Amino acid sequence: MSAATAETHDQAQEEHHHVEPFWKKYIFSTDHKTIGIQYGFTSLVFLAFGFFLMMVMRWSIAYPDRAVPLLADWPWFQAWLDDSGKVTGDLYNMFGAMHGTIMVFLGIVPLAFGAFGNYVTPLQIGAPDMAFPRLNMASYWLYLLGGVLMFVSFFLPSGAAKAGWTNYSPLATTTDIHYGDLFWTGQTQWLVAMALLITSSLLGAVNFICTIINLRCRGMSWMRLPFFVWAMLVTGFLLLLAFPPLEVAAIMQLMDRMAGTSFFVPTGLNVSGMSFDAAGGGSPLLYQHLFWFLAHPEVYVLILPALAIVAEIIPCNTRKPLWGYKTMVYAVMVLGFLAFIVWAHHMYITGMGPAISTFFQTTTVLISVPSVILITSLLISMWGGSIRFNVPMLFATAFIPMFGIGGLTGLPLAFSLPDLHLHDTYYVIAHFHYVVAPGTIFGLFAGIYHWYPKLTGRMMSTRLGHLHFWPSLLFMNGIFAPMFIQGMAGFHRRAFDGGKAYEQISTQIFAEPNTFLANIAEILNVIEPDAALRMIDLNIVTSGSAWLLAVFQVPFIINLFISKFVGKKVSSDNPWDATTLEWATPTPPPHGNFLSEPVAYRGPYEYSVPGEASDFCPQFEDDPSKIPAKSEAGKEGDKPAV
């Protein structure tokens with residue numbers, strides 16, 4: 001940073017300095033950057049908690065006959081473990097339901113949309129803040145309140161919700177009905193918390209849409225928007241249109257539990273041998289339709305921000321423009337539209353007719369087309385580039401094959417016949433998690449490493465970054481790749497003592513001729529006496545990989561906090577030599593973001609433009625001769641490779 005720039009920066013900091021108490025500046029802030037950081041840290045805490053729940057579940061699956069180590073002495077756990085310290089079915093169901101809920105609604109979506117979206121979007125469009133700052137603050141606090149309710153529900157006498165993260169009626173409606181006050185049960189608190197979380201997301205969606213449409217700076221036309229902003233806009237519309245049905249479903253199910261209505265309760269329902277006291281006539285299928293009308297667009301709410309982060313990092317580190325930028329923009333809009341007409345492929349086993357199932361099979365296959373366009377554009381963007389393999393680029397490049405595996409393995413589930421056999425098996429678990437774990441989460445890690453210098457003014461450690469990336473890549477695959485084999489061999493996703501139960505039934509299933517599983521077994525060459533044991537042994541691989549994955553998140557946690565104080569200081573506001581507007585702000589950005597009115601003079605990805613002196617032309621530079629010399633970009637990571 002030059003002396004003149006530093007002086008201007010200091011003057012701006014003085015002008016924008018507000019003497020505010022700590023609680024107003026850091027807790028009840030309306031600054032989009034502070035709110036983004038709040039979302040980021042809160043969601044990372046919930047991700048860690050959700051991961052802990054999964055590790056306990058994996059112990060039960062791998063070692064159903066052994067007590068859970070370390071936790072059997074905790075007073076709360078003693079109430080849920082059996083007399084010998086082993087995981088019970090109730091505890092497994094509780095952890096399974098809350099793992100899915102926490103990872104999706106409290107972890108990945110707030111990190112992807114709330115944290116990255118809040119921090120980066122206004123900077124990239126040249127806005128001083130979000131359109132509705134107080135609405136932005138309210139969105140975060142509703143999210144936090146919903147998360148706290150979810151967490152506190154574990155300590156209620158009933159425990160947390162146990163009816164699965166989908167919360168299907170009538171099971172979810174009748175769970176814990178023997179408790180005196182149904183309101184103070186985990187299942188009811190799940191519904192209240194979901195209403196708060198959905199309201200939070202709706203407020204955020206409205207805010208993002210209004211901000212992107214109305215607060216773009218001078219010169220920032222639609223086709224000069226970074227792809228990240230386009231993804232946030234489409235994600236905002238997905239949330240705005242898809243979340244209300246689930247909020248309505250949560251309220252209706254809450255009424256079924258608390259007020260004796262029967263929106264989702266069928267006639268003649270018996271619970272524990274007794275008639276359920278409700279009018280009846282409700283439709284459990286109606287709840288499934290309302291849930292999946294949200295939950296499938298929700299998949300793209302998880303994917304799009306991560307894919308957009310990767311689309312920002314790849315051009316920056318290949319020194320090439322984003323290939324097919326306009327095609328990617330149109331593809332993401334088509335993907336957003338198709339996301340609303342594929343939901344019922346989750347419901348093939350409900351007995352839908354051939355005409356309806358054919359429609360949803362067709363739309364599900366069609367939605368793979370824009371996804372393939374997006375991934376192909378990213379691959380071609382790397383072709384022939386002078387690639388800098390720094391830590392953000394490692395995570396970004398790993399995202400592509402991981403997301404590709406998740407997408408390709410979803411194609412068999414698009415068709416009703418194979419789905420009937422694979423539904424509720426580990427195959428589905430592996431498919432979905434390849435999309436959102438080594439896929440989406442790798443994209444989010446890439447974003448943290450990429451924008452950390454802008455947020456703090458310091459670089460994250462490259463050595464710790466490599467120690468985080470390579471084991472994570474290995475053990476992510478160690479968790480989910482074996483599940484494809486187990487799923488095709490019949491492992492059920494909800495068996496808390498999967499090994500014992502599977503061993504009892506698998507030999508007969510494999511031996512029965514001319515069945516789907518017998519044919520799969522023949523293909524996999526597992527029709528031997530020890531076939532069941534071979535499948536069960538894979539549980540040890542997946543569980544061990546999960547625990548080792550947890551160990552290698554420690555370098556990331558250390559890196560995240562220590563680098564703030566001891567990381568290498570950036571000598572430029574644009575340490576990656578990037579082209580988008582967020583790198584035109586001081587580091588870290590002050591209140592109001594920009595020192596002067598930002599103007600977008602060109603497109604977002606003008607790298608290696610023929611005839612230019614430098615290999616990057618920032619959007620905010622009118623005269624290419626003013627482009628600064630290379631900074632940390634060439635120093636961070638490995639040497640460029642053509």
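### Things to note about the overall build of the chain
- In terms of helices and strands, the chain carries 21 helices and two strands.
- Residue burial in the chain is summarised as follows: out of 642 residues, 57% are buried.
- Split by element, the accessible area of the chain, about 25800 Å² in all, is 67% carbon and sulfur.

### A short note on the pattern of salt bridges
- Counted by the stated rule, this structure contains seven salt bridges.
- In this structure, lysine 162 engages aspartate 176 in a salt bridge whose closest nitrogen and oxygen atoms are separated by 3.3 Å. Here lysine 162 is found in the loop between α6 (133-152) and α7 (171-174), whereas its partner aspartate 176 is found in the loop between α7 and α8 (186-214), with 14 residues between them in sequence.
- Between arginine 493 and aspartate 424 there is a salt bridge whose closest N-O contact spans 3.6 Å. Of this pair, arginine 493 sits in the loop between α17 (462-488) and α18 (498-511) while aspartate 424 sits in the loop between α15 (416-422) and α16 (426-456), placing them 69 residues apart in sequence.
- Given a relative accessible area of 22%, arginine 493 falls into the partly exposed group.
- Since its relative accessible area comes to 18%, aspartate 424 is described here as buried.
- Sharing partners across several salt bridges, the network here consists of Asp424, Arg493 and Arg494.

### A few points about unusual backbone geometry
- The amide bond that connects serine 169 to the next residue, proline 170, takes the cis arrangement and shows omega of 5 degrees.
- With respect to the helices, strands and loops of the structure, proline 170 is situated in the loop between α6 and α7.
- Geometrically, the link from threonine 587 to proline 588 is a cis peptide bond, its omega value of -10 degrees lying close to zero.
- Along the chain, proline 588 turns up in the segment after α21 (554-566).
- One non-glycine residue, asparagine 593, lies in the positive phi region at around 75 degrees.
- One can find asparagine 593 in the segment after α21.
- When its relative accessible area of 0% is taken as the criterion, asparagine 593 is described as buried.
- Residue serine 608 is not a glycine yet carries a positive backbone phi of 50 degrees.
- Inspection of the secondary structure puts serine 608 in the segment after α21.

### Some points on the nonpolar core
- By size, the foremost hydrophobic cluster in this structure holds 182 residues, and its most contacted members are Phe95, Met98, Phe105, Phe227, Leu246, Tyr300 and Leu378.
- Sequence-distant contacts of tyrosine 300, that is, excluding residues within four places in its chain, are made with Leu238, Pro305, Leu335, Ala339 and Ile367.

### Comments concerning the side chain of aspartate 419
- Here aspartate 419 is to be found in helix α15.
- Although aspartate 419 is buried, it makes no salt bridge; arginine 493 carries the closest opposite charge, 8.9 Å away.
- When near neighbours in sequence (up to four residues on either side) are disregarded, aspartate 419 contacts His345, Tyr348, Pro412 and Leu413.

### Concerning the packing of helix α5 (residues 89-125) against α8
- Two elements in contact, α5 and α8, have axes whose closest approach is 11 Å; the angle formed by their N-to-C orientations is 20 degrees. Here α8 runs roughly parallel to α5, going by the angle between their axes. Considering the relative orientation of α5 and α8, their crossing is left-handed. Along the contact surface, α5 presents Met98, Thr101, Phe105, Leu106, Phe113, Gly117, Asn118, Thr121 and Ile125, while α8 presents Trp190, Met194, Leu197, Gly204, Ala205, Phe208, Thr211 and Ile212.
- Among the residues forming the contact of α5 with α8, the class breakdown is 11 nonpolar, six polar and no charged.

### A short note on a nonpolar patch on the surface
- A contiguous nonpolar patch, built from Ile37, Phe41, Leu455, Val554, Ile557, Ile558, Phe561, Ile562, Phe565 and Val566 and spanning about 910 Å² of accessible area, is present on the exposed surface.
- Sort the elements by how many residues they give to the nonpolar patch and α21 lands first, with seven residues.
- Along the chain, phenylalanine 561 falls in helix α21.
- Of the residues examined, phenylalanine 561 reaches a relative accessible area of 44% and is grouped as partly exposed.

### Focus on helix α14 (residues 391-410)
- With 20 residues, α14 extends 29 Å between its outermost C-alpha atoms, agreeing within 8% with the 28 Å of an ideal straight helix rising 1.5 Å per residue.
- By the criterion of burial, α14 is predominantly enclosed, with 15 of the 20 residues buried.
- Where α14 starts, the residue carrying a side-chain oxygen 3.1 Å from the main-chain nitrogen of methionine 393 turns out to be asparagine 390.

### Topic: the confidence of the model for the chain
- On average, residues of the chain score 88 in pLDDT, and 89% of them are at 70 or above.
- Mean pLDDT values for the elements of the chain range from 48 in helix α1 (residues 3-15) up to 97 in helix α11 (residues 325-338).
- In this model residues 636-642 is a low-confidence stretch, pLDDT under 50, and it forms 16 contacts with partners more than four residues away in sequence or in other chains.

### Concerning the packing of aromatic side chains
- Counted according to the given criterion, the structure contains 56 aromatic pairs.
- Relative to tyrosine 140, the ring of tyrosine 39 lies with its centre 5.3 Å away and its plane at 80 degrees, an arrangement referred to as edge-to-face. Residue tyrosine 39 is located in helix α3 (residues 32-62), and its partner tyrosine 140 is located in helix α6; the two are separated by 101 residues in the primary sequence.
- For tyrosine 39, a relative accessible area of 5% translates into the label buried.
- Here tryptophan 165 and tryptophan 292 contribute two aromatic rings whose centre-to-centre distance is 6.2 Å and whose plane-to-plane angle is 90 degrees, an arrangement assigned as edge-to-face. Taken together, the residues tryptophan 165 in the loop between α6 and α7 and tryptophan 292 in helix α10 (residues 284-318) connect sequence positions 127 residues apart. An identical accessibility class is assigned to tryptophan 165 and tryptophan 292; each is buried.
- Taken together, Phe49, Phe52, Trp74, Trp76, Phe77, Trp80, Phe95, Phe151, Phe154 and Phe155 form an aromatic cluster joined through their ring pairs.
- Over the aromatic face of tryptophan 222 sits the side chain of arginine 216, whose NZ or CZ is 4.0 Å from the ring centroid.
- Sitting above the plane of the phenylalanine 565 ring, lysine 564 keeps its charged end 5.6 Å from the centroid.

### Concerning the packing of helix α12 (residues 354-366) against helix α13 (residues 368-382)
- Contact geometry for α12 and α13: axes closest at 4 Å, N-to-C directions at 10 degrees. Overall, the two elements α12 and α13 adopt an arrangement that is roughly parallel. Facing α12, whose interface residues are Thr364, Val365 and Leu366, α13 presents Ser368, Val369 and Pro370.
- Looking at side-chain class alone, the contact of α12 with α13 contains four nonpolar, two polar and no charged residues.

### Here we look at the side chain of asparagine 136
- Within the element layout of this structure, asparagine 136 appears in helix α6.
- Residue classification places asparagine 136 among the buried residues on the basis of a relative accessible area of 1%.
- Asparagine 136 has contacts with His32, Ile35, Asn118, Met130 and Asn207, leaving out every residue within four places of it along the chain.

### Re the environment of serine 169
- With respect to the helices, strands and loops of the structure, serine 169 is situated in the loop between α6 and α7.
- Overall, serine 169 belongs to the buried group, its relative accessible area being 6%.
- Sequence separation between serine 169 and proline 266 is 97 residues, and the spatial gap between their C-alpha atoms is 9.5 Å.
- In this view, serine 169 contacts Gln253, Phe264, Pro284 and Tyr287; residues no more than four positions away in its chain are not counted.
- Engagement of the side chain of serine 169 in a polar contact is seen with the side chain of threonine 173, the distance being 2.7 Å.
- Here the side chain of serine 169 touches glutamine 253 through a polar contact of 2.9 Å, side chain to side chain.

Rules of the game
Residues numbered from 1 in each chain as written. Predicted model: local features only at pLDDT ≥ 70, side-chain atom pairs only at ≥ 80, totals over all residues. Heavy atoms only, no water. Helix = DSSP H or I, 4+ residues; strand = E, 2+ residues; numbered from the N terminus. Buried < 20%, exposed > 50% of the residue type's maximum accessible area, 1.4 Å probe, protein only. Areas by Shrake-Rupley, 256 points an atom, 1.4 Å probe, with all protein chains shown as cover. Salt bridge = Lys/Arg side-chain N within 4 Å of Asp/Glu carboxyl O. Core = buried A, V, L, I, M, F, W, Y, C linked by side-chain atoms within 4.5 Å. Contact = heavy atoms within 4.5 Å. Lys, Arg positive; Asp, Glu negative; His and termini not counted. Axes fitted to C-alpha atoms, helices over the stretch in contact; angles between N-to-C directions. Parallel < 35°, antiparallel > 145°, perpendicular 65-115°, else oblique. Left-handed = near helix turned anticlockwise from the far one by under 90°. Nonpolar A, V, L, I, M, F, W, Y, C, P; charged D, E, K, R; others polar. Patch = residues over 30% accessible without salt bridge, like charges linked within 9 Å, V, L, I, M, F, W, Y side chains within 5 Å. Expected span 1.5 Å × (residues − 1). Polar contact = N/O pair within 3.5 Å; in protein donor to acceptor, adjacent residues only side chain to side chain. pLDDT = per-residue confidence, 0-100. Phe/Tyr/Trp six-rings, centres within 6.5 Å; stacked < 30°, edge-to-face > 60°. Lys NZ or Arg CZ within 6 Å of the ring centre and 35° of its normal.

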